[in-house]
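One letter stands for each residue in the lines below.
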Number of protein chains: 2
Amino acid sequence: MLYLVGLGLADETDITVRGLEVVKKAERVYLEAYTSILLVEKEKLEAFYGRPVTVADRELVESGSDDILANADKVDVAFLVVGDPFGATTHTDLVLRARELGIESKVIPNASIMSGIGCTGLQLYNFGQTVSMVFFTENWKPSSYYDRIKENLQFGLHTLVLLDIKVKEQSLENMARGRLIYEPPRYMTVAQCASQMLETEEERKEGIYGPDSLAIGAARVGASDQKLVAGTLQELSQVEMGRPLHSLVLLGRRAHDLERDYIRAFAVDKATFDASWQKGYGSS
Amino acid sequence: MLYLVGLGLADETDITVRGLEVVKKAERVYLEAYTSILLVEKEKLEAFYGRPVTVADRELVESGSDDILANADKVDVAFLVVGDPFGATTHTDLVLRARELGIESKVIPNASIMSGIGCTGLQLYNFGQTVSMVFFTENWKPSSYYDRIKENLQFGLHTLVLLDIKVKEQSLENMARGRLIYEPPRYMTVAQCASQMLETEEERKEGIYGPDSLAIGAARVGASDQKLVAGTLQELSQVEMGRPLHSLVLLGRRAHDLERDYIRAFAVDKATFDASWQKGYGSS
């Protein structure tokens, strides 16, 4: 049996009781560690599970999935995913491959950032589609996310923006020379995301949002040092939220008073928050 | 401290390890049991936690929240919520009240149907806003959900439809006579939801969707007897999915081939599925 086990968002104790039972009994345990990260080290997980854990990078999952699935018709294999196995990054391809090989699979759900973002006090009902923000480079500033946000804002809906992470990336030079040397991991911050959003608006000039638009920065959702900050995109482009992972929510105008009351407590500056709110939010 | 603890979707072992630690130590434990249900009895939870559990109905949570919060500045109170505390039903009002009373609160996230629905193999990125479907009566068939679906479909997005549950409801007669006699609980089925959706379309006649539109019925997401069925709304209006809880996803045309491959395995009838797919899906 292939078990896809959600680990939740913060540390080793966020696994469910059922998930932990599965991991303790599994013959092999893999940890998917390239689309998200847990806030603890692999060694801590191994001590907690009492089992060795193999870190599965993108190459292993995408090209070597048959190694992961080897023998899984006879023994139990646990594939651990930060958040939920079918959350922000879905592992349907692994399940489809297992199906082809006649291997059964089961999913142990857990908290995902897609629902955990409810900790902001914003109603999940009021969210439109989720978008991803990648690290801009000098020559590559993809703005398809801007079109998605435009769609959401047209109906007054909030947008969850998931922020890029880069783990096990090679520099162009090392890649060209075939050297397996990896750059240090990088995690996009709320400030970087807000800046890139403003940069896209400056380029596209469709007036979808602007420096005064309200947003919420969320860091380490579900962890004991979770941090939420509400403010304008201008304010958030300067904010310091500490260690990863970060996410951002751009507010839609359908936001209602209960949502405002909840997030106002996290405002960088209550005066600018109130001023921006008055201008564009609370109408349905 | 007020702890809002997510219980996840299926049974007592879906609580996280961290959540269980909190519950075992809490002075008082409440279970919110009117917006969703776990698939196990209260007694089973109490045995698992080693703690008595007080069922909190709507009245207690909405009018008696100060009883729940009593003393919580000195002792730990655990408020258990099926799914995630800020998921489909958000408990921000309880946290706001705690704030007013100077009581700190912490959230222990867990799987919510809002992300757990990813088990269908549909990408959560491709979902628009979530809607709720209430039980229609002879004279009350609210169709505001239809407008939300229309918005989602305009951009080709999927819609998660959450289905009504009625617990501790009085009949009109008993209510009028002030008799505290409650009707047996009712949980909407996928078949009822699909029928009501078709009824609304017949009344509104905007051609937003129709009997041939594809949808997925999901029952008991996350449980060992989870069941998924893909088919046209016409087919789903006849389907038998077993015990609660049920949800439904109406497919958006932006659905892509990997999603199709995944859900086709659950098709009521692969021929009608393929025919409907050909007509309206897979374009972006």
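Residues numbered from 1 in each chain as written. Chains lettered and ligands numbered in written order. Predicted model: local features only at pLDDT ≥ 70, side-chain atom pairs only at ≥ 80, totals over all residues. Heavy atoms only, no water.

1. Here we look at the sheet that holds strand 3 (residues 54-56) of chain B
Residues and elements named next belong to chain B.
- The five strands are arranged 3-2-4-1-5 in an open sheet whose pairing can be described as parallel. Sheet topology places strand 3 and strand 5 (105-108) at the edges, where each strand pairs with a single neighbour. Strand-to-strand twist of the sheet, defined as the mean angle between neighbouring strand axes without regard to direction, takes the value 25 degrees.
- The pairing of strand 2 (residues 28-32) with strand 3 spans three bridges and is parallel. By the bridge assignment, Glu-32 is partnered in strand 3 with Ala-56.
- In the packing of helix 1 (residues 17-25) onto the sheet, contacts are made with strand 1 (2-6), strand 2, strand 4 (77-81) and strand 5, and the angle to strand 1 comes to roughly 135 degrees. (Pairing = 2+ DSSP bridges. Helix = DSSP H or I, 4+ residues; strand = E, 2+ residues; numbered from the N terminus. Axes fitted to C-alpha atoms, helices over the stretch in contact; angles between N-to-C directions. Contact = heavy atoms within 4.5 Å.)

2. Things to note about the interface of chain A and chain B
- With 49 residues of chain A at the contact, the number on the chain B side is 49 residues.
- The closest approach of N and O atoms between A:Arg254 and B:Glu151, which form a salt bridge, is 3.0 Å.
- For the pair chain A and chain B, the number of links is 19 residue pairs in polar contact (both at pLDDT 80 or more).
- Only helix 1 (17-25), helix 5 (92-100), helix 6 (113-116), strand 6 (131-133), helix 7 (144-154) and helix 11 (257-264) of chain A provide two or more residues apiece to the side of chain A that touches chain B.
- For the side of chain A that touches chain B, the leading source of residues is helix 5 of chain A, giving four residues.
- When grouped by side-chain class, the residues that make up the side of chain A that touches chain B number 23 nonpolar, 17 polar and nine charged. (Salt bridge = Lys/Arg side-chain N within 4 Å of Asp/Glu carboxyl O. Polar contact = N/O pair within 3.5 Å; in protein donor to acceptor, adjacent residues only side chain to side chain. Nonpolar A, V, L, I, M, F, W, Y, C, P; charged D, E, K, R; others polar.)

3. Brief notes about the sheet that holds strand 6 of chain A
Residues and elements named next belong to chain A.
- Ordered in space as 6-7-12-10-11, the five strands form an open sheet in which the pairing is mixed. Of all strands in the sheet, those bounded by a partner on one side alone are strand 6 and strand 11 (227-232). Neighbour-to-neighbour, the strand axes of the sheet open up by a mean angle of 25 degrees, direction not taken into account.
- Pairing between strand 10 (residues 214-219) and strand 12 (residues 246-250): five bridges, direction antiparallel. Among the inter-strand pairings, Ala-215 is bridged to a residue of strand 12, identified as Leu-250.

4. Regarding the domain arrangement of chain A
All names here are of chain A.
- Per the domain assignment, the segments of chain A are domain 1 (2-111) and domain 2 (114-281).
- Taking only C-alpha atoms into account, the centre of domain 1 sits 28 Å from that of domain 2.
- Taken residue by residue, the interface counts 11 residues in domain 1 and 14 residues in domain 2.
- Summed over both sides, the interface between domain 1 and domain 2 buries roughly 930 Å², with carbon and sulfur atoms accounting for 69% of that surface.
- Linking domain 1 to domain 2 there are zero salt bridges.
- Taken together, the links from domain 1 to domain 2 amount to zero residue pairs in polar contact (both at pLDDT 80 or more). (Domains from an automatic or database assignment. Buried area = accessible area lost by both parts, 1.4 Å probe.)

5. Description of the relation of the copies chain A and chain B
- In the superposition of chain A on chain B (RMSD 0.0 Å, axial shift 0.0 Å), the rotation amounts to 180 degrees. Given the turn and translation reported, the copies of this chain are related as if by a two-fold rotation axis. (Least-squares fit on C-alpha atoms with pLDDT ≥ 70 in both.)

6. Quick notes on the pairing of strand 7 (residues 159-163) of chain B
Residue and element names in this part refer to chain B.
- Most of strand 7 sits inside the fold, with five of its five residues counted as buried.
- Side chains of strand 7 alternate between two faces, with Thr-159, Val-161 and Leu-163 and Leu-160 and Leu-162 buried alike.
- Bridging between strand 6 (residues 131-133) and strand 7 involves three bridges; their strand directions are parallel. Bridged to Met-133 within strand 7 is Leu-163.
- Between the parallel elements strand 6 and strand 7, the chain passes through helix 7 (residues 144-154) in a crossover that is right-handed.
- One ladder, built from four bridges, connects strand 7 with strand 12 (residues 246-250); its direction is antiparallel. In the sheet register, Thr-159 faces strand 12, and the bridge partner there is Leu-250. (Buried < 20%, exposed > 50% of the residue type's maximum accessible area, 1.4 Å probe, protein only. Right-handed = clockwise from strand over helix to strand, strands pointing away.)

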